[in-house]
Amino acid sequence: MSESCSGNCASCGESCGDRSQESLLAPANPKSNVKKVIAVMSGKGGVGKSTVSAMLAVAMRRRGYRTAILDADITGPSIPKAFGVTDPMGSTEEALYPAVSEDGIEIMSINLLLENDTDPVVWRGPVVAGAVQQFWSDVVWEDVDFMFVDMPPGTGDVPLTVFQSLPIDGVIVVTSPQDLVSMVVTKAIRMANLMQIPVLGLIENYSYLLCPDCGKRVDVFGRSHLERVAAEMHLPVLAYLPIDPKVAQAVDCGLAESLETSALEPACIVLETMLKKD
């Protein structure tokens, strides 16, 4: 413990000796059964992290696994809309139950608790962090093979809470081709390393555009630098996802379960390997 330590580990990102002796994990609901928890994070906003979270859940569901999404982006929730889920979540006196998509993906998001999905969530950081913990502890997640946690962007209070409070088994970092992103994605990777959580790999979204007329590949945001970053960090690139207007249209219409997910095959293999090791 450093001389400046306040003793409040919940607000600290340091990995010191005293911290390693104390578990800050929030208890899961006694009726829950979640095998693997995967955080999907990004160093900055606007890289399509929520869309990638949705696609990963859909891809693994198609492979026969039970999947769920915990929408930890409390102030910018988008998962229910992506799946066309509008019914409020279920509840009893003892527990809350997630909403379920048409194909059986369990979903929990703050938008399922708001009267209107356009109502802003004007909460301070500790309240937002507490809501994420409740989504884990108060909700009954039944027989989930893979839970994907759609993280808020950056490396601030809520991502820290997720890493400390939830039993994260691995992190997938979503990025885009701009050179600036090389810096911010490195921050996200180093945060996961600081929390001693394995980074499973990187996914580049908006990687390129295929011309609808001639099929030529166009690097809209410039040449990708992800391979260099991945090599420096000794991490695999799990997918390069193109800019596709059909993806945006499907998500806007609540049809995330209709998305083509074959490009995520390498990521799916990594996830399956994790589960089979147990």
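Up top is the structure.
Just so you know, these numbers come straight off a predicted model, no measurement behind them.

Trainee: Help me get a handle on the overall build of the protein, residues and values and all.
Mentor: Looking only at helices and strands, one finds nine helices and twelve strands in the protein. The C-alpha atoms of the protein give 18 Å as radius of gyration, which agrees with the globular expectation for 278 residues (19 Å, within 12%). Projected onto its principal axes, the C-alpha positions of the protein cover 60 × 45 × 40 Å. The burial tally for the protein puts 49% of its 278 residues in the buried class. In the protein, of all internal contacts separated by at least 6 residues, the share reaching a separation of at least 24 is 80%. Surface summary for the protein: the accessible area is close to 13700 Å², and the carbon and sulfur share equals 50%. Averaging the coordinates of the 21 positive side-chain charges in the protein and doing the same for the 35 negative ones gives two points 7 Å apart.

Trainee: Pulling in residues and values, what's your account of helix H4 (residues 125-137)?
Mentor: Helix length check: H4 (13 residues) gives 19 Å between terminal C-alpha atoms against 18 Å at 1.5 Å per residue, within 8%. Within the span of H4, buried status applies to Val128, Ala129, Ala131, Val132, Phe135, Trp136 and Ser137. Tucked into the core, H4 has its buried residues touching strand E1 (34-41), strand E2 (67-71), strand E6 (106-108), strand E7 (144-150) and helix H5 (157-165).

Trainee: Lay out the side chain of Thr186 with the relevant residues and their values.
Mentor: Considering the arrangement of structural elements, one finds Thr186 in helix H6 (residues 179-194). Take Thr186: its relative accessible area is 14%, and that puts it in the buried class. Among residues more than four places away in sequence, those in contact with Thr186 are Val229 and Met233.

Trainee: A description of empty space enclosed by the protein should follow, citing residues and the corresponding values.
Mentor: Tallied over the entire structure, the rule returns one cavity of 30 Å³ or more. In this structure, the largest cavity occupies an estimated 50 Å³ of space. Along its surface, the largest cavity is lined by twelve residues, and Thr175, Ser176, Ser182, His225 and Leu226 are the ones closest to its centre. Going through the elements one at a time, H6 and helix H7 (226-233) are the ones with two or more residues in the lining of the largest cavity. In terms of residue count, the dominant contributor to the lining of the largest cavity is H6 (three residues). Classifying every residue of the lining of the largest cavity by side-chain character gives five nonpolar, six polar and one charged.

Trainee: Requested: an account of H7, with residues and values cited.
Mentor: For H7, the complete set of buried residues consists of Leu226, Val229, Ala230 and Met233. Buried residues of H7, viewed axially, fall in a sector of 100°; they line one side. Turned more than 90 degrees away from the buried face of H7 sit Glu227, Ala231 and Glu232, all of them exposed. Positive phi appears at His234, one or two residues downstream of H7, with a value of about 60°.

Trainee: Can you explain the sheet that holds strand E8 (residues 170-175)? Please cite residues and give values.
Mentor: Taken in spatial order, the eight strands line up as E5-E6-E2-E7-E1-E8-E9-E12 in an open sheet, and their pairing is mixed. Edge positions in the sheet fall to strand E5 (99-100) and strand E12 (237-240), since each of these pairs with one other strand and no more. Across the sheet, helix H2 (residues 49-62) is in contact with E1, E2, E7, E8 and strand E9 (199-204); its angle to E7 comes to roughly 170°.

Trainee: Which residues make up the pattern of salt bridges, and what are the values?
Mentor: Enumeration over the complete set of coordinates arrives at seven salt bridges. Here Glu106 makes a salt bridge to Arg66, at a shortest N to O gap of 3.5 Å. Note that Glu106 is positioned in strand E6 and Arg66 in the loop between H2 and E2, a separation of 40 residues in sequence. Relative accessible area serves as the criterion here: at 6%, Glu106 is assigned to the buried category. Its relative accessible area of 37% is what places Arg66 among the partly exposed residues. One salt bridge connects Arg228 with Glu232, and the closest N-O pair in it is separated by 3.5 Å.

Conventions adopted
Residues numbered from 1 in each chain as written. Predicted model: local features only at pLDDT ≥ 70, side-chain atom pairs only at ≥ 80, totals over all residues. Heavy atoms only, no water. Helix = DSSP H or I, 4+ residues; strand = E, 2+ residues; numbered from the N terminus. Rg over C-alpha atoms; globule rule 2.2 N^0.38 Å. Buried < 20%, exposed > 50% of the residue type's maximum accessible area, 1.4 Å probe, protein only. Contact = heavy atoms within 4.5 Å. Areas by Shrake-Rupley, 256 points an atom, 1.4 Å probe, with all protein chains shown as cover. Lys, Arg positive; Asp, Glu negative; His and termini not counted. Charge placed at Lys NZ, Arg CZ, Asp CG, Glu CD. Expected span 1.5 Å × (residues − 1). 1 Å grid on protein atoms, 1.4 Å probe; cavity = no way out; pocket = protein on both sides within 12 Å on 5 of 7 lines; lining within 4 Å. Points joined across faces, edges and corners; volume = space filled by probe spheres on them. Nonpolar A, V, L, I, M, F, W, Y, C, P; charged D, E, K, R; others polar. Arc of directions from axis to C-beta. Pairing = 2+ DSSP bridges. Axes fitted to C-alpha atoms, helices over the stretch in contact; angles between N-to-C directions. Salt bridge = Lys/Arg side-chain N within 4 Å of Asp/Glu carboxyl O.

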